[in-house]
Amino acid sequence: MPRVSRAEAERRRRQVIDSTARLIREKGADQVSVPQAMATAGLTHGGFYRHFASKDDLVAQALGAAFAERREAIDHLADEPAAEGRTPRAEFLARYLSTPHRDNPGQGCAAAALAADAARAEPGTPLRTAFTAGLRDLVDGFQHLPDPAEREAALADLSTLVGALLLARASEDPALSAEFLDAARHRLSAPTPAPAADADTPSV
């Protein structure tokens, strides 16, 4: 057989990573086998070890790619007009807490899709390490939207976003599922209350 060029080998490797990024978000990392990952990319199992050291190596790279997708989506909000005059943060909330995002985990946020997998993984494993790195990048991106938030607020907001999406996906009751998304959107969109005036400070 003719040798595959370096560019073609890289294209195939990228193809496997991207298809696996979708699969692990849909099914969970433990439910995706190497033959399945290669077949979904349109390649044979035999070529796997020319591209990856192990399944753990593939999963870690796929997870990194999935988080990079979400970070890229956040960064693009700064360059495109928000719908109906919404701020970039409001636009992000609307897209994240939406029915399409809930119903398409394979194209969605890796934090929500794989948090349980990462929590069960041992510290230091490729999955846990890649998830932690992706989570840091996600927090940084959300914190530095054009309408920035303090780090503590960004952490709390992302916790609400991920939790609401997880519960919405887990509920078999469509009405309850929608309520989780709506409630989180309303809570996160509410204006931050001004700090209470000190009782000893005279009003102006």
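Residues numbered from 1 in each chain as written. Predicted model: local features only at pLDDT ≥ 70, side-chain atom pairs only at ≥ 80, totals over all residues. Heavy atoms only, no water.

### So, the side chain of Gln143
Here Gln143 lies in helix H7 (residues 126–143). The exposure class of Gln143 is buried, given its relative accessible area of 13%. Beyond its immediate chain neighbours, meaning those up to four positions away, Gln143 contacts Pro148, Ala149, Glu150, Arg151 and Ala154. (Helix = DSSP H or I, 4+ residues; strand = E, 2+ residues; numbered from the N terminus. Buried < 20%, exposed > 50% of the residue type's maximum accessible area, 1.4 Å probe, protein only. Contact = heavy atoms within 4.5 Å.)

### What to know about the packing of helix H3 (residues 55–76) against helix H6 (residues 110–120)
When two helices pack together, their arrangement is given by the angle between their axes and by how far apart the axes lie. Following both chains from N to C, one finds H3 and H6 inclined at 145 degrees, their axes separated by 10 Å at the closest point. Facing Leu63, Ala66 and Phe67 of H3, the residues of H6 in contact are Ala110, Ala111 and Leu114. (Axes fitted to C-alpha atoms, helices over the stretch in contact; angles between N-to-C directions.)

### A look at the pattern of salt bridges
Counted under the stated rule, the structure contains 14 salt bridges. The shortest N-O distance in the salt bridge between Arg71 and Asp75 comes to 3.0 Å. With Arg71 and Asp75 both in helix H3 and four residues apart, this pair spans about one turn of that helix. Between Asp137 and Arg71 there is a salt bridge whose closest N-O contact spans 2.7 Å. One end of the pair, Asp137, is in helix H7; the other, Arg71, is in helix H3, with 66 residues separating them in the sequence. Each of Arg71, Asp75, Asp137 and Asp140 takes part in a single network of salt bridges with overlapping partners. (Salt bridge = Lys/Arg side-chain N within 4 Å of Asp/Glu carboxyl O.)

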